[in-house]
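Coordinate inspection notes
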Amino acid sequence: MTENSTSEAVFRDTASYRDRVRSHLPQDHPLQRSSADSGTAEAPLLARYRGVSTDAPPSVWFMRQAGRSLPEYRKLREGTTMLDSCLIPEMAAEITVQPVRRHRVDAGIFFSDIVVPMRLAGLEVEIKPGVGPVFARPVRTETDVDALPVLDDSFEEALEPIREAVRLTVAELGSTPLIGFAGAPFTVASYLVEGAPSRDHLAARALMRSKPQVWDRLAAWVAEASGRFLRAQVLAGASAVQQFDSWAGSLSEHTYRTGALPHSRALFDHVADLPVPRVHFGVGAAHLLAPMHEAGATVMGVDHRITLTEAATHLPPGTPLQGNIDPAVLFTSEQVRFAEADRVLADGAAAAGHVVNLGHGVPPETDPQVLTDLVAHLHEQPSVSASSPDGSSSSQGLSTAGAPAQSGSGGVEAPVTTGTAG
Ligand code: CP3
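These numbers were taken from a predicted model, which means no experiment stands behind them.

**Remarks on the overall build of the protein chain**
- Regarding its fold elements, the protein chain presents 18 helices and 10 strands.
- At 20 Å, the protein chain has a C-alpha radius of gyration in line with the 22 Å of a compact globule built from 422 residues.
- Expressed as lengths along the three principal axes of its C-alpha atoms, the size of the protein chain is roughly 60 × 50 × 45 Å.
- Scored against the burial criterion, the 422 residues of the protein chain give a buried share of 59%.
- Considering only residue pairs separated by 6 or more positions, the protein chain has 75% of its internal contacts joining residues 24 or more positions apart.

**A short note on the pattern of salt bridges**
- If you walk through the whole model with that rule in mind, you get 20 salt bridges.
- Residue R102 is joined to E72 by a salt bridge in which the shortest nitrogen-to-oxygen separation is 2.8 Å. You can see R102 sitting in helix α6 (residues 89–103) and its partner E72 sitting in helix α4 (residues 71–77), a full 30 residues away along the chain.
- Looking at R102, the relative accessible area reads 8%, which means it is buried.

**Side note on the pairing of strand β7 (residues 278–282)**
- Within β7, five of the five residues are buried, leaving the element largely enclosed by the surrounding structure.
- Side chains R278, H280 and G282 of β7 all project onto a buried face; the interleaved residues V279 and F281 project onto the opposite face, where all are buried too.
- Sheet topology places strand β6 (residues 240–245) next to β7; five bridges connect them, and they run parallel. Within β7, the position partnered with D245 by the bridge is G282.
- Summarising the sheet, β7 and strand β8 (residues 299–301) pair through three bridges and their orientation is parallel. Within the sheet, the bridge partner assigned to F281 lies in β8 and is G301.
- Each parallel crossover has a hand, and for β7 linked through helix α15 (residues 289–294) to β8 it is right-handed.

**Notes on the confidence of the model for the protein chain**
- Averaged over the protein chain, the pLDDT score is 91; the fraction of residues at 70 or greater is 90%.
- Taken as a whole, residues 386–411 scores under 50 in pLDDT and shows 62 contacts with residues more than four places along the chain or in a different chain.
- Overall, residues 413–422 carries pLDDT values under 50, and its contacts beyond four positions in sequence, including any with other chains, amount to 17 contacts.

About the criteria used
Residues numbered from 1 in each chain as written. Predicted model: local features only at pLDDT ≥ 70, side-chain atom pairs only at ≥ 80, totals over all residues. Heavy atoms only, no water. Helix = DSSP H or I, 4+ residues; strand = E, 2+ residues; numbered from the N terminus. Rg over C-alpha atoms; globule rule 2.2 N^0.38 Å. Buried < 20%, exposed > 50% of the residue type's maximum accessible area, 1.4 Å probe, protein only. Contact = heavy atoms within 4.5 Å. Salt bridge = Lys/Arg side-chain N within 4 Å of Asp/Glu carboxyl O. Pairing = 2+ DSSP bridges. Right-handed = clockwise from strand over helix to strand, strands pointing away. pLDDT = per-residue confidence, 0-100.

Printed below as a string of structure tokens:
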């Protein structure tokens, strides 16, 4: 990270953080405004991401909260392909807001996909329903890498529908923060090398070992495209970012450090000067928590295969955490679900800040009412007060007392285009 990067210390010191917001974000960015003025400056979820204490009820959002589990999503998407829908700003904005409106979650996650920057750069890619991203021409050789599109000014122009979708989204979300995201270079480059989803990512891992220079050039290209995609989201209005490394778990720590970490860091570097918390999430990556944090994350996303307490032992003291309700409990009784939610809350209480999430994305067959009820249950629980890095309770920073009524719903109006939201 550069000296100019927003460090965890800057996040915890409210005065420095506010200065950074004023000097580094556009004047009309939601972080420049208070919640009374439809801004995100006091959002409890962001305080938790910064490791600053808040009296608000627990904060929660769900990975893949937008999408097929929602009837209003299926209706809106009818007749439009997944990737086309990401590039129609009004549609992407509406889909992003749908789960916030319905479930009263405390953040929106921008509706897009990890392969959208590749499509905007000019690569031929589709998302096949039930399969995932499929590239028309896999990138496997030096010649293939040479032929990757140059990321010049026309790429910046191509990002305009993303900026417009973010602007429309944050106008609707008001005081509920929008989280921007990008796919980690390892995961995205794996799709590029394989051409399609694969179980073991063998072709990608083989390229990494047989032709490390070719791999590095490909992953660097992906980091550049994804990093500019991420920065565009923040400057247009996102208040936090998450890097998804879905397949990192297939790497050993050594291979992660040599072949993936430098590229994930390059991606985060695109937003490191901006005062937005940087969440890093991997699946099956318990053994990679420390290097993934070193890649420039300020918050670690944890999947359901490890407890938050154990995750914390692998990380510097004071690292805020996100996670990690096992998605399997969405298919059990309410009693089991709420017990799991309470366990996760108690487990996260030791962290300097904890934002509740699932251990991986919402499965498409989830009953949406289950998610709505889970959010309501979490919001009924008392505030979990953050502790400072030395483990003592801290009252430093933003006071968000009185925010409970705002939690999860700030600024989101009644459904505009659908009548199905609950
Ligand atoms: O709610 C959200 O999380 C918002 C947006 C979002 C999507 N994809 C929308 C989407 C996010 C953050 C992603 C990230 C993403 N995309 C990841 C990383 C996270 C993870 O789940 O591990 C990955 C690996 C992808 C690639 C991808 N896109 C896959 C594997 C699939 C599933 C294909 C299928 O049909 O099973 C997609 C499609 C996709 N991305 C959908 C959504 C809502 C479903 C497509 C549809 O509704 O037709």
